[in-house]
Amino acid sequence: MLIYPGLGKCIRSISNELKTIICYPLVTAMISTPLQGEFVEEYEQDKLYGSRDARVVSFDFGGTLADLDKERHVVYFETFNELGLTVDVELLKEKLVEAHNWWLDERKRTGMIWTEETRLMFIEKLFRLLNIDRDDLRDLALEFSKVLRYNFTFYVYDDVEPVLNTLRDKGYLLIVVSNVSSLETLTVYLTQAGLNEYFTLLVASGTIGFEKPHPEIYLYASRTLQIPPSRFVHIG
């Protein structure tokens, strides 16, 4: 598997054989963990004969295909208003930074990854920082999380759809592998961006329990599609 970080703002040139994807900066890595299953013989042949013909092109979502079209604190502020909760927008912006720093510390201390559960923990922490502390705080956090998911909207980078159409027309399978809280959330984001139709498979770290760059998140996609990882290119 070839991994190219940061496609969203890169120069791209795609040849007929997908031999040229130019990104700055460009980092290349190879995952070559032996696999089990129906395609193990094909995988062994790849190792023996050195086949690197890509069959699957995998993309990250945020920062690669699309990005938020509003600042994050604005989306949170709109969600508070929608739920009838009054907060000062500047205070909210400040407390979001505090909550984010808290999460980074918790992540480092516990090894937790971003999931629907840790997302709720983050929201509850934010509530407390804003002096919102009620007996039904978990229920409120659940409601807030559901509304927030749909309030995030995205703009798609100008060259993304032409690239996706070119790759699809040339017969490549297109998938998304992203560090996000759940498959449901990733599906909502791609739908909001109008890109869902392009992809054969969506892989969300929070659902499978591994985050990029851990090899298992890519191997999960490989096993699901029954295609060796040597036939994958990941961008983002």
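See the structure above.
Residues numbered from 1 in each chain as written. Predicted model: local features only at pLDDT ≥ 70, side-chain atom pairs only at ≥ 80, totals over all residues. Heavy atoms only, no water.

All right, on to the packing of aromatic side chains then. In the structure shown here, the tally under the stated rule is 14 aromatic pairs. Between Phe61 and Tyr189, the aromatic rings sit 6.3 Å apart at their centres with planes inclined by 25 degrees, giving stacked as the arrangement. Placement of the pair is Phe61 in the loop between strand E2 (56-59) and strand E3 (66-68) and Tyr189 in helix H7 (residues 183-193), with a sequence separation of 128 residues. The buried category is assigned to Tyr189, whose relative accessible area is 10%. Relative to Phe144, the ring of Phe80 has its centre 4.7 Å away and its plane inclined at 55 degrees; by these criteria the two rings are tilted. Taken together, the positions of Phe80 in helix H2 (residues 72-82) and Phe144 in helix H5 (residues 137-151) put the pair 64 residues apart, joining distant regions of the chain. A residue is classified by how much of its surface remains accessible, and Phe80, at 0% relative accessible area, is buried. For Phe144, a relative accessible area of 0% translates into the label buried. Put simply, the rings of Phe61, Tyr76, Phe80, Phe127, Phe144, Phe152, Phe154 and Tyr189 touch in pairs and so form one group of aromatic residues. (Phe/Tyr/Trp six-rings, centres within 6.5 Å; stacked < 30°, edge-to-face > 60°. Helix = DSSP H or I, 4+ residues; strand = E, 2+ residues; numbered from the N terminus. Buried < 20%, exposed > 50% of the residue type's maximum accessible area, 1.4 Å probe, protein only.)

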